[in-house]
Structure formats: structure tokens, C-alpha cells
Amino acid sequence: TGAFSFREFYARRVKRIFPALLLVLIVSYAFGWFALLADEYKQLGKHIAAGAGFVSNIVLWNEASYFDNPEIKPLLHLWSLGVEEQFYILWPLLVYLAWKLKFNRLAIILSIAAISFYFNIAQVKIDATAAFYSPQTRFWEILSGSLLAWATLNHKIGTTKTKLATWSSIVYY
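Residues numbered from 1 in each chain as written. Predicted model: local features only at pLDDT ≥ 70, side-chain atom pairs only at ≥ 80, totals over all residues. Heavy atoms only, no water.

> With reference to specific residues and values, describe the side chain of R13.
Its location among the elements puts R13 in helix α1 (residues 6-35). Exposure remark for R13: the relative accessible area of 10% places this residue in the buried category. What R13 contacts, discounting residues up to four positions off in sequence, is F18, E84, E85 and Y88. (Helix = DSSP H or I, 4+ residues; strand = E, 2+ residues; numbered from the N terminus. Buried < 20%, exposed > 50% of the residue type's maximum accessible area, 1.4 Å probe, protein only. Contact = heavy atoms within 4.5 Å.)

This is the structure in C-alpha cells:
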């Protein structure tokens, strides 16, 4: 429609993410009471707070070591939600600025994706754990979805569901 609302964008994200996230955090906390030792339960509390604040990737990154024990981290999977939400805090603002300043949005998407991908490749050689948990080394993956959205909006990928389904079946099968 040519319109964008930050409020609506973030409200949709909250409606999509929060119900499932709250359920996972509450059930994990309750189950942890019965299944974990005191130190493990304390760590779970920290991971619940990190999950609720969408910074699990940062907390887990700081805890990662050779002797790390993922079996006692029931919320380990929330690292990816942290990266995703960190992206969605920054990305709409950047796109809005690009639109206001009349920058080429495709160039912005491709540039940031290329920089993020470069950081990922470079960081893997230095510190694979940092490359795994760091948002700047993961943003290129989410930006590939932005590229698809741009292509769809600009009719670079078919204008019908059939063409898009055909294209996705080539990529995923």
C-alpha cells in the first residue's frame, strides 16, 4: 500500500513471538524446578531473563567454552531468536532512513549482506563461537529474506503464487 507503521510492524512481531516465547519460558522454569540442580536452576533463571530480553545469543556466547555443557541449557535454541530480534530492531530503522534519503534499497540490502557475510567468513577463522552467536555475522542470512521481499515487491520474481512456488521448489528441492 506504500505505507509503513513502526507500531504495526512491532505489534505484529509481539503477537507472533510473545505467546510461544512466554509459554516456553514458563514451562522451562517450572520443569527446571523439578529437573535441575540448584546451580543449573540459577543458570536457567539467567537464560530465561536473556530469552525474555532477546539477548540469549550474547549470554550464551559469553558462557561458551570447551567445557560447556549444552545438555543443561534447555533454552539454548533461543540464541537464534536473539539474533533475529536484534536484526528487527535495527533493520526497519535503516530501511526507513534509506527510503527517506532516497537511497537504493537493493544496494543497501546487498551491501550489508555482503559485509555481514564477509564478517562471518573472517570470524570463523578467528573464533567460530563468536561467528556462531554474533549478530553481525548472522544478519546476512536474514537479509536473504529481505532480498526475496525486495524482488517480490519489485516484480523481479514472478507476480503470481505459481511462479514463486516454482522458484522456491527449485531452491529447496
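> Before we move on, can you summarise empty space enclosed by the protein with the specific residues and values?
If you walk through the whole model with that rule in mind, you get one cavity of 30 Å³ or more. The calculated volume of the largest cavity comes to roughly 30 Å³. What lines the largest cavity is H47, A50, S56, V59, L60, L75 and L76. If you list the elements that add at least two residues to the lining of the largest cavity, you get α2 (38-52) and α3 (56-63). Of the residues in the lining of the largest cavity, the class split is five nonpolar, two polar and no charged. (1 Å grid on protein atoms, 1.4 Å probe; cavity = no way out; pocket = protein on both sides within 12 Å on 5 of 7 lines; lining within 4 Å. Points joined across faces, edges and corners; volume = space filled by probe spheres on them. Nonpolar A, V, L, I, M, F, W, Y, C, P; charged D, E, K, R; others polar.)

> So, the pattern of salt bridges: which residues are in play, and what are the values?
Oppositely charged side chains can pair when the atoms bearing their charge come close. For the structure on display, the rule yields six salt bridges. With a closest N to O distance of 2.7 Å, E63 and K46 form a salt bridge. Here the residue E63 occupies a position in helix α3, and K46 occupies one in helix α2, the gap between them amounting to 17 residues. E141 is paired through a salt bridge with R138; the nearest N and O atoms lie 3.1 Å apart. Looking at E141, the relative accessible area reads 34%, which means it is partly exposed. (Salt bridge = Lys/Arg side-chain N within 4 Å of Asp/Glu carboxyl O.)

> An account of the packing of α1 against α2 is needed here, citing residue identities and associated values.
Axes are the key here: two packed helices are described by the angle between their axes and the distance separating the axes. In contact at an axis separation of 10 Å, α1 and α2 are set at 175° when each is read in the N-to-C sense. It follows from the interaxial angle that α1 and α2 lie roughly antiparallel. The segment α1 lies against α2, with L21, L25, S28, Y29, G32 and W33 engaging Y41, L44, I48, G51 and A52. Split into classes, the residues belonging to the contact of α1 with α2 amount to eight nonpolar, three polar and no charged. (Axes fitted to C-alpha atoms, helices over the stretch in contact; angles between N-to-C directions. Parallel < 35°, antiparallel > 145°, perpendicular 65-115°, else oblique.)

> Give a description of the layout of surface pockets that names residues and reports values.
With a probe scaled to a water molecule rolled over the atoms, the places where space remains empty come into view. For the largest pocket, the calculated volume is near 930 Å³. As for the largest pocket, its lining consists of 23 residues, of which F4, W91, V95, R105 and L153 are closest to the centre. Within the residue set of the lining of the largest pocket, elements represented by two or more residues are α1, α4 (79-100), α5 (105-126) and α7 (139-153). For the lining of the largest pocket, the leading source of residues is α4, giving seven residues.

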